[in-house]
Amino acid sequence: MKQIKIILMLSIMLILICTLGMVKTYALSNLEITVSGDVAGRTLSLYKLFNLEKDEENNYYYTWDGLASEEFFAKKGITTLFSAIEYIKGMENDSTSLTNLAEEYYEFCTNSQNQVLLEGKLARISEKTAGDQAQKIVFGGLSEGYYLIYDETKDIENTKTKARSAAMISSLTKNEEVKIKTDAIDVEKEVDVTSANVGEDVKFTITTSVPRMIGYDKYVFNVIDILSKGMDLNNDIIVKIDGEEYSKILSENETEKDAYKVITTKMQDESTEVKIEFNDFIKLKNKAGSKIEITYSAKLNSKAAIEKDNNNQVKIIYSNNPKTDGTGESNTDVVHVYSFKLNLTKKNSKDQALNGAKFILKLEDGKYAKFNEETGIFTGTVTNENEATILTSSGTILNDDEEEIELGEIEISGLKEGKYILKEIEAPDGYSKPNFEFPFRIVPNLNNGILEGASIEYLPTTNAAKGYLSGNQTEKGSAEFNIEILNAQKGLLPSTGGIGAKIFTVIGISLMLIVVSSYIIARRKKLQNQQ
């Protein structure tokens, strides 16, 4: 899932006030850079990286004489002006590298340990702070060259804003305007498990940040969370701002109900919309950048077994214009909770389905599974084996000759990933009950929380048990498996741990025949010798 960030578009900018490669007869000066858009309350500072000058023949060239940039690049191992310019040009289409470079330059110029090194060098040219209602900041009296505009806005605790923003190189030949867009809001949703049994609770965590609200008198901030129809919301929502419960942040005469309200709506597709509507959110104006964390849990219901993929999503509706009541939407983040279905088929060695086989299912914690006898949906566990639900292979179909063919099917669902033991307690008529159990494991293959594949791992405990169970996904990405369990006819598979009474009987008869034959042969030889 994504990192949490508030994007301040263009609040770090490298601006080139020149036309590269153009020959001029005079140097432009007294140029202006106007920064507009979401500037209210921001503190922006201006730094110069390179000078643009002309020679006696009116040809333009760059210098870093008297600028802090010479020392900055030297510290990075870049000792020539040409190399420095080429270094920056190589980042023109790489906003991440450019942003990192801008951040490095700002830190270099403002680090007190570099003050002796930078003595007599020009670093920051100007710093301006916009009022709460301001719509632009103008930097004037500029000559051609490379400039860095940096957002130095502090939060309420006087630390630099937590946001990192994009950097941009622009080619300008006259007064220009650049615009900072309204802060975008990012939201992230996480879940504590990727699969669960029906009836189990799943915990969700929603994370975002308090946005900048400078210039606003009121502010809409609503979290819209959608639970799939396989989830029932528990009444345990907790909202925290920087680790402290939101209700405790408010004044003493206000209660938790004053902080926010929860509105649940059943949708047409049977999903549930959970709306967390913050009241008087503007009170958090001085906490811009603070972490908002919302936690709650939901219980998987029987519909989760049918859905199998129970996806849940969240987004935020927020104010995006202090002059109107306009609102915007954040990104939508989605998490998945899977519930697996098993289609079991009992077969013999001739690949014929068998009805009448009876099983019970044991879970990894040693308890036994209970299922709805009509739907096969998991309902819970018991500690006593005798109380476990007995699963019987059944079902018939008519073939082309109108003959009834057994299907040998068992369908169970609502199970999470992990290890299980299938125990056959009664074999079909004419077949022996195996003297071993069928342990297996459901193993999902997830990519960023999305089920891409899954497998059934058969875990036989003896050599004799190998090859008796196999399973595959019904289709790629599905939380459903087809599993086949083999059975042997009576006489082919012993019902005890020994090698079988029939084998002893055969061996015994053979030994008796050998003894009798030896006696007859010896007797005949004796009579012949006497004659």
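Coordinates for the structure precede this section.
Residues numbered from 1 in each chain as written. Predicted model: local features only at pLDDT ≥ 70, side-chain atom pairs only at ≥ 80, totals over all residues. Heavy atoms only, no water.

A. Quick peek at the packing of aromatic side chains. For the structure shown, the criterion picks out 26 aromatic pairs. Consider the rings of Tyr106 and Tyr150, whose centres lie 3.8 Å apart with planes at 10°: the pair is stacked. Here Tyr106, found in helix 3 (residues 95-110), pairs with Tyr150, found in strand 7 (residues 145-151); they are 44 residues apart in sequence, far enough to count as distant. Note on accessibility: Tyr106 and Tyr150 belong to one class, buried. By way of ring pairs, the aromatic residues Tyr47, Phe50, Tyr62, Trp64, Phe72, Phe73, Tyr87, Tyr105, Tyr106, Phe108, Tyr146 and Tyr150 are connected into one cluster. The positively charged end of Lys189 is found above the aromatic ring belonging to Phe204, 4.6 Å away from the centroid. (Phe/Tyr/Trp six-rings, centres within 6.5 Å; stacked < 30°, edge-to-face > 60°. Helix = DSSP H or I, 4+ residues; strand = E, 2+ residues; numbered from the N terminus. Buried < 20%, exposed > 50% of the residue type's maximum accessible area, 1.4 Å probe, protein only. Lys NZ or Arg CZ within 6 Å of the ring centre and 35° of its normal.)

B. View of the sheet that holds strand 2 (residues 31-37). The strand order across the open sheet formed by three strands is 6-2-9, and the pairing between neighbours is mixed. With one partner strand each, in any of the chains shown, strand 6 (136-142) and strand 9 (176-180) form the two edges of the open sheet. Neighbour-to-neighbour, the strand axes of the sheet open up by a mean angle of 15°, direction not taken into account. Two strands pair when backbone bridges link them, and strand 2 and strand 6 are joined in this way by five bridges, in the antiparallel orientation. Across the sheet, Ile33 pairs through a bridge with Phe139, a residue of strand 6. (Pairing = 2+ DSSP bridges. Axes fitted to C-alpha atoms, helices over the stretch in contact; angles between N-to-C directions.)

C. Just the pattern of salt bridges, in detail. One pass over the full model with this rule turns up 26 salt bridges. Here Glu484 makes a salt bridge to Lys347, at a shortest N to O gap of 3.0 Å. Taken together, the positions of Glu484 in strand 33 (residues 480-487) and Lys347 in strand 22 (residues 340-348) put the pair 137 residues apart, joining distant regions of the chain. In this structure Lys347 comes out as buried when scored by relative accessible area, which is 13%. Salt bridges sharing partners connect three or more residues here, namely Lys308, Lys341, Glu411 and Glu480. (Salt bridge = Lys/Arg side-chain N within 4 Å of Asp/Glu carboxyl O.)

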